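Structural overview for review
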Amino acid sequence: MENIRVRFAPSPTGALHIGGIRTALYNYLLAKKYGGTFILRIEDTDQTRFVPGAEDYIIEALHWAGIVPTEGQSFGGEYGPYRQSDRKAIYHDYAKKLVENGHGYYAFDTPEELDAARQADDTFKYDYKSRARLNNSLTLSAAEVQQRLDSGAPYVIRLKVPEGETVHIQDLVRGDVNFQSNELDDKVMLKGDGMPTYHLANVVDDRLMKITHVIRGEEWLPSTAHHVLLYRAFGWEAEMPRFAHLPLILKPDGKGKLSKRDGTRLGIPVFPLSWIGENPEDSFVGFREAGFDPRAMVNFMAFMGWNPGTEQEIFSMDELAEAFSVEKIGKSGARFDIEKARWFNQQYIMASSEEELAKTVRPIVEAQGHQPTEAYLRSFVGMMKERVVLFPDFWTNGAYFFEDFAVFDEATIRKKWKADGSRAVFTPLLEQLDALSDYNAAAVQACVEGFTNAAGLKFGDVLPILRVGLTGTMKGPAVFDMMALLGKAECRRRMERAFDLFDQVS
Ligand code: GLU
């Protein structure tokens, strides 16, 4: 492969949708696979849609996901600036070149005139037919055009789409795609405010930044016809990048494309990081804040439209890069199945070391007002890691490791505890446990077994008392392991408290 240069080119119009993460990821993987360059370019030419904070959000999200550019906005490089609003003069020159070489023209039509044309004919398009009767440098005399330009009359520059041609794209995902030029409009290239449109800036930058592959969402496929015409107009067709248009990401339920509203509607994250918008409808919870491991999100997103063609599902970033190929990207839409994302997360948590997990879980526990020692926290995450799906579950399912339970499994206790006798039966157990010199799991277990046999009880009569007494619930890690971690004094205190509570419900 030649020296691969790919780019992720988001527009900073708000939080980056999860589909953007997938686009960034596939670009990143291709570059990583072939030792190429992955560039971040900020496409902010539409000033009306600019949202403050969005660029920082994009950069933070890429860092969090581990999809880190090697070049680009805030990453440096030789082809900058990488923010399109800082490249205005460049586009201006190229728009002028289009006029000079006959592939573009000045258009002076006012918004009112264009509105009137649309009113008269609702299929109106500024195209190879209508341009012949509109107000532009193709219909006006050279002198008149010059006079208008000199007088500072507002104008745009449009692409002069050739008549009667077939525009062919060999898309790496979709195969052969053809467009008839007669169906394409003469898109604006340079706007009245001197800013380029997306089309001009995108093509000029891809060319100047020596982009070899354009990997982007399917919604850009129709624009590609204009992009190909632009490459031709500039005489760059031989160096045109290859295109790969990614399939849609579909709603988890029903038909159509996943939208940010689906996140709110279904209570699931569809953004990498939380975003606080101007109002609640524009505010979203991210994968990070929902408690996902970024590696699980990446692994999950990698499979939204691509698969390795094998049974393997768990892939590190390095393994993804190795297995990835554009040819294995599917054509059909990929359903956004959050249960699958949760499954990936579970796998990553189970495979994580106690040290890693403690790092992530510490702030969650500290936010609840507890400062466990590192050793305690590591044992805790070790015991809980097979019993959680998302990071906050460590607290939700295991708060009793740090504080007394607030509610307990009364149904079980009513079956196993008698207010008029159980305390007398179980008090000796507490005393025997107290007498242990080494309170480890094996010693505690031996003690509990000895007590059970001597008292003529069954394990099923004793363990629920201990388990619910210590934690409030019948679910959780092995009871003797928990006891060893909680320690003798704490177990004793908890059991005494529990006996009082049990008496009240039995
Ligand atoms: N700025 C476009 C976007 O927001 C880029 C599309 C492309 O990659 O060409 O997605």
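Attention here is on the structure that accompanies the text. (Residues numbered from 1 in each chain as written. Predicted model: local features only at pLDDT ≥ 70, side-chain atom pairs only at ≥ 80, totals over all residues. Heavy atoms only, no water.)

Summing up its helical and strand segments, the protein has 21 helices and 12 strands in all. Here the C-alpha atoms of the protein give a radius of gyration of 32 Å, more than 25% beyond the 23 Å that 2.2 N^0.38 yields for 506 residues. For the protein, the spread of C-alpha atoms along the three principal axes comes to 110 × 45 × 35 Å. Within the span of the protein, comprising 506 residues, buried residues form 49% of the whole. A separation of at least 24 residues holds for 71% of the contacts in the protein among residues at least 6 apart in sequence. Accessible surface for the protein amounts to roughly 22,900 Å². Of this, 51% is attributable to carbon and sulfur atoms. The average position of the 59 basic charges and that of the 72 acidic charges among the side chains of the protein differ by 2 Å. (Helix = DSSP H or I, 4+ residues; strand = E, 2+ residues; numbered from the N terminus. Rg over C-alpha atoms; globule rule 2.2 N^0.38 Å. Buried < 20%, exposed > 50% of the residue type's maximum accessible area, 1.4 Å probe, protein only. Contact = heavy atoms within 4.5 Å. Areas by Shrake-Rupley, 256 points an atom, 1.4 Å probe, with all protein chains shown as cover. Lys, Arg positive; Asp, Glu negative; His and termini not counted. Charge placed at Lys NZ, Arg CZ, Asp CG, Glu CD.)

Let us now look at the pairing of strand 9 (residues 213–217). For strand 9, a buried count of 5 out of 5 residues is recorded, marking the element as mostly surrounded by other parts of the structure. Strand direction decides the pairing type here: strand 9 and strand 10 (residues 242–246), joined by 5 bridges, are parallel. Bridging from a neighbouring strand, V214 pairs with F243 of strand 10. The β-α-β motif built from strand 9, the intervening helix 7 (residues 221–233) and the parallel element strand 10 has right-handed crossover chirality. (Pairing = 2+ DSSP bridges. Right-handed = clockwise from strand over helix to strand, strands pointing away.)

Attention shifts here to helix 13 (residues 354–366). The terminal C-alpha atoms of helix 13 lie 17 Å apart, and with 13 residues this matches the ideal 18 Å at 1.5 Å per residue to within 8%. Residues L357, A358, V361, R362 and V365 constitute the buried set of helix 13. Those residues of helix 13 that are buried are in contact with helix 12 (338–351), helix 14 (374–384) and helix 15 (393–398). (Expected span 1.5 Å × (residues − 1).)

This next bit is on the side chain of H245. Following the sequence through the fold, H245 ends up in strand 10. Reaching out from H245, the side chain makes a polar contact with the side chain of D171 at a distance of 2.6 Å. Here T224 takes part through its side chain, which lies 3.2 Å from a polar atom of the side chain of H245. Those residues in contact with H245, other than ones at most four positions away along the chain, are D171, V173, R174, R216, G217, E218, W220, L221 and T224. (Polar contact = N/O pair within 3.5 Å; in protein donor to acceptor, adjacent residues only side chain to side chain.)

Another aspect to go through is the pattern of salt bridges. The full count for this structure, using the stated rule, is 39 salt bridges. Among the salt bridges present, the one from D318 reaches K32, with a minimum N-O distance of 3.1 Å. Within this pair, whereas D318 is found in helix 11 (residues 317–323), its partner K32 is found in helix 1 (residues 18–33), the two being separated by 286 residues in sequence. Where D500 meets R423, a salt bridge forms, and the shortest distance between an N and an O atom there is 2.6 Å. (Salt bridge = Lys/Arg side-chain N within 4 Å of Asp/Glu carboxyl O.)

This next bit is on the site of the ligand. Taken together, R7, A9, P10, S11, E43, Y198, N202, R216 and W220 make up all the residues around the ligand. At 2.8 Å from a nitrogen atom of the ligand is found a main-chain nitrogen or oxygen belonging to A9. S11 is positioned with one of its side-chain polar atoms (N or O) 3.0 Å from a nitrogen atom of the ligand. Surface burial for the ligand is 84%, taken as the share of its 300 Å² of free accessible area covered by protein chains. (Near = heavy atom within 4 Å.)

Turning next to the sheet that holds strand 4 (residues 104–107). Read across the sheet, 3 strands follow the order 4-5-8 without closing on themselves; strand pairing throughout is antiparallel. The sheet terminates laterally at strand 4 and strand 8 (188–190), the two strands that pair on one side only. Sheet twist, expressed as the mean angle between neighbouring strand axes with direction ignored, is 45 degrees. Both strand 4 and strand 5 (residues 156–159) contribute to a ladder of 4 bridges, which runs antiparallel. For G104, the partnering residue across the bridge sits in strand 5 and is L159. (Axes fitted to C-alpha atoms, helices over the stretch in contact; angles between N-to-C directions.)

Burial along strand 6 (residues 166–171) is one-sided: the residues V167, I169 and D171 are buried and none of T166, H168 and Q170 is. Hairpin connection of strand 6 to strand 7 (residues 175–180): 3 residues between the antiparallel strands.

As a further point, take the packing of helix 17 (residues 422–434) against helix 21 (residues 488–505). With their axes 10 Å apart at the nearest point, helix 17 and helix 21 run at an angle of 175 degrees to one another. In terms of axis orientation, helix 17 runs roughly antiparallel to helix 21. Seen from helix 17, the contacting residues are R423, F426, T427, L430, E431, L433 and D434; seen from helix 21, they are K488, R492, M495, E496, F499, D500 and D503. (Parallel < 35°, antiparallel > 145°, perpendicular 65-115°, else oblique.)

Geometric descriptors of this kind do not, in isolation, establish any biological role.
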